[in-house]
Each structure stands twice: as structure tokens, then as C-alpha cells.
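The lines below spell out each chain.
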Amino acid sequence: MAQHQTGAGSHGHDDSHGSVKSYVIGFILSIVLTIIPLGVVMNHMLSRTSTMVVILAAAVLQFLVQLFFFMHIRESNGPRWNVMTLIFGVVILLTIVGGSVWIMEYNMVAH
């Protein structure tokens, strides 16, 4: 009976948390992905369009770092309902933001 409790307790606890190495790598990547766009904007290194591309690329990479290093998406062996829900949320978000930008840009009534 002691083996069952130890195995069940350690299984649930170890699978839900990452290693210190994983957290440190994620933290360093997050810092780098924050500093790069900041440096580009503060030093006026690129044109406006290029700066926006750098910011968006860094944001997407930052999102992926958060998912893999802090939320442990890749470590789950069970059904990926949380990933499907996340993807659905991102699609809804992009639809709302993209639609809003489209309306603001191409609204002929306001011009």
C-alpha cells in the first residue's frame, strides 16, 4: 500500500512541474525576446514596417516560449483539449483583431 501512495503522489507531482533548467532557459529566452524589439524601437534601427514585423515575430516567439517552457504543452501525454482550446481562442482573437483593423482601415464612411 505504501508503494501505491508513493508512486501515485510522485507521478502527479513530477509530471506537472518542469525542471529548473527548463525554467531558466525559458526565462532567458523571454528576456532576449523582450530586449530585441525594445532595442529596435529605441534605436530606430529599421523602417516602420520592418519594426512592426520584428515586434510581431518576437511576440509570436514569446508566446511559443511561454507555452513550451512554462505551461509545459509538449510534456502532456493525455488528450490535448487545452491545446485545442488555446488554438480556438487564438483564432477568435485574430478574427476580432483582424476584423477591427480591417474596419478601421477601410471604413469609407469615416473618410
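Residues numbered from 1 in each chain as written. Predicted model: local features only at pLDDT ≥ 70, side-chain atom pairs only at ≥ 80, totals over all residues. Heavy atoms only, no water.

1. Observations regarding the UniProt feature "transmembrane region" (unreviewed entry) in the protein chain
Stage number 1. UniProt annotation of "transmembrane region" (unreviewed entry) refers to residues 23-41, 53-71 and 83-104 when read in the numbering used here.
Stage number 2. Strand forms 0% of residues 23-41 and helix 100%; the C-alpha atoms that close the span are 28 Å apart.
Stage number 3. The span residues 83-104 shows a helical share of 100% and a strand share of 0%, and its end C-alpha atoms are spaced 31 Å apart. (UniProt positions renumbered as here; feature names shortened; annotations may be inferred. Helix = DSSP H or I, 4+ residues; strand = E, 2+ residues; numbered from the N terminus.)

2. A few points about a nonpolar patch on the surface
Stage number 1. On the surface, Val20, Val24, Phe27, Ile28, Ile31, Val32, Ile35 and Ile36 cluster together into a nonpolar patch covering about 730 Å² of accessible area.
Stage number 2. Residue placement: Phe27 occurs in helix H2 (residues 20-42). (Patch = residues over 30% accessible without salt bridge, like charges linked within 9 Å, V, L, I, M, F, W, Y side chains within 5 Å. Areas by Shrake-Rupley, 256 points an atom, 1.4 Å probe, with all protein chains shown as cover. Salt bridge = Lys/Arg side-chain N within 4 Å of Asp/Glu carboxyl O.)

3. Regarding the packing of aromatic side chains
Stage number 1. Counted by the stated rule, this structure contains two aromatic pairs.
Stage number 2. Here Tyr23 and Phe70 contribute two aromatic rings whose centre-to-centre distance is 6.0 Å and whose plane-to-plane angle is 15 degrees, an arrangement assigned as stacked. Taken together, the positions of Tyr23 in helix H2 and Phe70 in helix H3 (residues 48-70) put the pair 47 residues apart, joining distant regions of the chain.
Stage number 3. Classification of Tyr23 as partly exposed rests on a relative accessible area of 30%.
Stage number 4. Between Trp102 and Tyr106, the aromatic rings sit 4.7 Å apart at their centres with planes inclined by 50 degrees, giving tilted as the arrangement. You can see Trp102 and its partner Tyr106 sitting in helix H4 (residues 81-106), four residues apart, about one turn around the helix.
Stage number 5. Tyr106 gets classed as partly exposed once you look at its relative accessible area, which sits at 48%. (Phe/Tyr/Trp six-rings, centres within 6.5 Å; stacked < 30°, edge-to-face > 60°. Buried < 20%, exposed > 50% of the residue type's maximum accessible area, 1.4 Å probe, protein only.)

4. A look at unusual backbone geometry
Stage number 1. The phi dihedral of His44 falls on the positive side, at around 50 degrees, and the residue is not glycine.
Stage number 2. Relative to the elements of secondary structure, His44 occurs in the loop between H2 and H3.
Stage number 3. Classification of His44 as exposed rests on a relative accessible area of 68%.

5. A look at H2
Stage number 1. With 23 residues, H2 should reach 33 Å at 1.5 Å per residue; the first-to-last C-alpha distance of 33 Å fits that figure.
Stage number 2. Taken together, the buried positions of H2 are Ser22, Gly26, Ser30, Leu33, Pro37 and Val40.
Stage number 3. Where H2 is buried, its residues touch H3.
Stage number 4. Looking at the residues trailing H2, positive phi occurs at His44, about 50 degrees. (Expected span 1.5 Å × (residues − 1). Contact = heavy atoms within 4.5 Å.)

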